[in-house]
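Close look at the chain arrangement
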There are 2 protein chains.
Amino acid sequence: MEYRKIKDQENYEDASQNDIESLHGKPLSGVVTNSMPSSVGGLNNKSSWKLKSIVTLALTLLTSSQAILIVWSKRAGKYEYSVTTANFSVEALKCAFSLVALARIWKSQGVTEDNKLSTSFDEVSVYPIPAILYLIKNLLQYYIFAYVDAPAYQILKNLNIISTGVLYRIILKKKLSEIQWAAFILLCAGCTTAQLNPSSDHVLQTPLQGWVMAIVMALLSGFAGVYTEAIIKKRPSRNINVQNFWLYIFGMVFNLIAICIQDYDEVMNKGFFHGYSFITVCMIFNHALSGIAVSMVMKYANNIVKVYSTSVAMLLTAVVSVFLFGFHLSLAFFLGSTVVSISIYLHSIGKPQAQK
Amino acid sequence: MEYRKIKDQENYEDASQNDIESLHGKPLSGVVTNSMPSSVGGLNNKSSWKLKSIVTLALTLLTSSQAILIVWSKRAGKYEYSVTTANFSVEALKCAFSLVALARIWKSQGVTEDNKLSTSFDEVSVYPIPAILYLIKNLLQYYIFAYVDAPAYQILKNLNIISTGVLYRIILKKKLSEIQWAAFILLCAGCTTAQLNPSSDHVLQTPLQGWVMAIVMALLSGFAGVYTEAIIKKRPSRNINVQNFWLYIFGMVFNLIAICIQDYDEVMNKGFFHGYSFITVCMIFNHALSGIAVSMVMKYANNIVKVYSTSVAMLLTAVVSVFLFGFHLSLAFFLGSTVVSISIYLHSIGKPQAQK
């Protein structure tokens, strides 16, 4: 059952990525109006579909292997390194990756208005709202454990799926067909079923305060995700590596502040990279790559695809863990996986345009 | 968790009803060709829909209350009466109900070719195949417990849902849309999820023989159900009460033989109705009425509706048992109910004719 713990850390990447985004002073409708081109960045439908598939597959595989690395590192021993320095390293690595990608693009295409690194206050200033949302959500996370225990929290986190769907509809004004809504509720039910264990029923004893906080957290998280998509898609022609670069620069700044507050003494005494092992470095690389994959999915696909991708990754992790760590799969896991599979099928056949 | 036990006995009525049906010496295609009128028994679409809804609702409520009566009688004490005499009484009561209904029809409409009680060998001789199928299935039921324990058997019984869908498609040649197939798999997954308990994982240790037997049993049961529908629908204009009367006459004969084999001494020494209590009489009435409801659903709706109806009854029973017996509903129950609800929704919006 240990694979369930993985899920807890699955969304770390999104959080750290979204924390640094800001959308200061912009009316929401302005962000949305210019977004959602039928084909992204001037790509035609076929290559857009191909790109979408590749980034989705990458996100699924990276999220899945990320979770496996976490289990692996836990088995290898306790975290000896400071988490804040690891987070900073992830942001720095993502920044480096973005710069390398940009350098190659500049070499082949030259510097254009869309891929130049320099930016305006107007462009960069649009990130604080998701950051504030994540800040509130992370604060709530400490308080919710007064009302909800860990297995129940694990279950309640699946409310994120529903909130993402609802806010995707409301904020991005994208329509889901009736079948796709049904599929989305099934995805939530299927993921929860797959994670069921004997302690899951604790969630039914959750007091009203716990429910309210869980729903608020799900809304904050969903809102931040959807808002990030709106930001990234606001200027479809803008090179994603530039958008990422600025996101990750803010990420480095935020994490540097976190290091100073939480781990200043430890870093000063033991050094920045104290306790790093080979597996720590693997995890940092993996987190960096999956962070980039999340951005790519936001750019070339959408939040719905991201939710499906991370749900499938959760199932994939469990299956791989059977071979790697000798985990046992429960009947609930098989039932949940069946429901998730049908949800994916229904989502694909239920496209609104296909019906009209 | 006790409500789960109820499910075991839920299908008793179908079995006892179908046991007595025969379809001797008729080629299968002949049965099917004449069946499936667009509106049954000369009814127009609106009253056909009304009739379908009423019999489905009746089956759901009766099946649900049947399960509750079983729990009630178990709480009141052990079964003191002989089960074979109770089964015989059910068949006799159904026969009486059919005759009363027929008498009223004769009074208002007169005796016609379709509602006359007298029958031909050709008409009556078509019942042994489902009877044989049920006989084999009931025999297998004793052997399967060598490989499968009770909670696992409970889970495996949900394979009936899938087998009914598959055989309904093959034997009755009725098409289900892609969405309806997805809905049917969801119904099976949802019902199983709703029934999950800590012992359910035993099913994963089922040996190959157990799986094979469970699948064969599901196919036998599904085949018998679908074949019964084909028999009843073979002559749509034939009055259902006459069809029922002949079914139940055979039921009485079969159960009389069972009494002679199993309980002859007990009945001779203690009397036919020994150990009958008020609740026993209630159960017999309830079984008789739900048996008639099953026949009506087969006549005016189909096996798919019957499967949905009994699945909803299972959920309904659990909810009612919370109030009546203080049962606790598990998280798995809520998740399963959600999946079943969406399955019903998808089945209704996924009608093949609506898409074409």
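Cut-offs and rules
Residues numbered from 1 in each chain as written. Chains lettered and ligands numbered in written order. Predicted model: local features only at pLDDT ≥ 70, side-chain atom pairs only at ≥ 80, totals over all residues. Heavy atoms only, no water. UniProt positions renumbered as here; feature names shortened; annotations may be inferred. Helix = DSSP H or I, 4+ residues; strand = E, 2+ residues; numbered from the N terminus. Buried < 20%, exposed > 50% of the residue type's maximum accessible area, 1.4 Å probe, protein only. Contact = heavy atoms within 4.5 Å. Axes fitted to C-alpha atoms, helices over the stretch in contact; angles between N-to-C directions. Parallel < 35°, antiparallel > 145°, perpendicular 65-115°, else oblique. Left-handed = near helix turned anticlockwise from the far one by under 90°. Nonpolar A, V, L, I, M, F, W, Y, C, P; charged D, E, K, R; others polar. Phe/Tyr/Trp six-rings, centres within 6.5 Å; stacked < 30°, edge-to-face > 60°. Least-squares fit on C-alpha atoms with pLDDT ≥ 70 in both. Expected span 1.5 Å × (residues − 1). Polar contact = N/O pair within 3.5 Å; in protein donor to acceptor, adjacent residues only side chain to side chain.

Looking at an unreviewed UniProt entry, one finds chain A named CMP-sialic acid transporter 2 isoform X1 and attributed to Elaeis guineensis var. tenera. According to the UniProt record, the Function (unreviewed entry) comment for chain A is "Sugar transporter involved in the transport of CMP-sialic acid from the cytoplasm into the Golgi. May transport important nucleotide sugars such as CMP-Kdo (2-keto-3-deoxy-D-manno-octulosonic acid) in physiological conditions." Annotation of chain A in UniProt includes, under Sequence similarities (unreviewed entry), the sentence "Belongs to the nucleotide-sugar transporter family. CMP-Sialate:CMP antiporter (TC 2.A.7.12) subfamily."

**With respect to the overall build of chain A**
If you tally the helices and strands in chain A, you get 17 helices and zero strands. A burial count over chain A gives 53% of its 356 residues as buried. For chain A, restricting intrachain contacts to residue pairs at least 6 apart in sequence, the fraction spanning at least 24 positions comes to 90%.

**Details of the packing of helix H16 (residues 331-349) of chain A against helix H10 (residues 178-194) of chain B**
Interhelical geometry of H16(A) versus H10(B) gives an angle of 160° and a closest axis separation of 10 Å. Put simply, H16(A) runs roughly antiparallel to H10(B). Between H16(A) and H10(B) lies a crossing whose hand is left-handed. Taking contact as the criterion, the partners of Leu335(A), Thr338(A), Val339(A), Ile342(A), Tyr345(A), Leu346(A) and Ile349(A) in H16(A) are, on H10(B), Glu178(B), Ile179(B), Ala182(B), Ile185(B), Leu186(B), Ala189(B), Thr192(B) and Thr193(B). Here the contact of H16(A) with H10(B) is built from residues that sort into eleven nonpolar, three polar and one charged.

**A word on the packing of aromatic side chains**
On inspection of all chains with the given rule, the structure shows 20 aromatic pairs over all chains. Judged by centre distance (6.2 Å) and plane angle (70°), the rings of Phe97(B) and Phe285(B) are edge-to-face. Taken together, the residues span a long stretch of sequence, with Phe97(B) in helix H5 (residues 83-109) and Phe285(B) in helix H14 (residues 278-300) at a distance of 188 residues. One aromatic cluster in this structure is built from Tyr81(A), Phe88(A), Phe272(A), Phe273(A) and Tyr276(A).

**A few points about the side chain of Ser311(B)**
For Ser311(B), the position within the fold is in helix H15 (residues 303-325). Not counting the four nearest positions on each side in its chain, Ser311(B) is found in contact with Ile161(B), Leu187(B) and Cys191(B).

**A look at the relation of the copies chain B and chain A**
Mapping chain B onto chain A leaves a residual RMSD of 0.0 Å; the transformation is a rotation of 180° accompanied by 0.0 Å of translation along its axis. Both copies of the chain, as the preceding transformation shows, are related through a two-fold rotation axis. For chain B, the residue whose C-alpha comes nearest the rotation axis is Pro198(B), separated from it by 3.4 Å. Mapped onto chain A, 100% of the interface residues of chain B again fall at the interface, so both copies present the same surface.

**Thoughts on the environment of Ile249(A)**
Residues and elements named next belong to chain A. Here Ile 249 lies in helix H12 (residues 240-262). Among the residues examined, Ile 249 registers a relative accessible area of 26% and is labelled partly exposed. A sequence separation of 157 residues divides Ile 249 from Ala 92, and the C-alpha atoms of the two residues are 7.7 Å apart.

**Focus: the environment of Val294(A)**
Residue and element names in this part refer to chain A. Mapped onto the fold, Val 294 is located in helix H14 (residues 278-300). Overall, Val 294 belongs to the buried group, its relative accessible area being 3%. Sequence separation between Val 294 and Thr 310 is 16 residues, and the spatial gap between their C-alpha atoms is 9.8 Å.

**Observations regarding H12(A)**
An α-helical segment advances 3.6 residues per turn. Residues three or four places apart therefore align on the same side. Residues and elements named next belong to chain A. Across its 23 residues, H12 extends 32 Å between first and last C-alpha, which sits within 8% of the 33 Å expected from 1.5 Å per residue. Buried within H12 are the following residues: Ile 240, Asn 241, Val 242, Gln 243, Asn 244, Phe 245, Leu 247, Tyr 248, Gly 251, Asn 255 and Ile 259. Its side-chain oxygen placed 2.7 Å from the backbone nitrogen of Asn 241, Asn 239 serves as the N-cap of H12.

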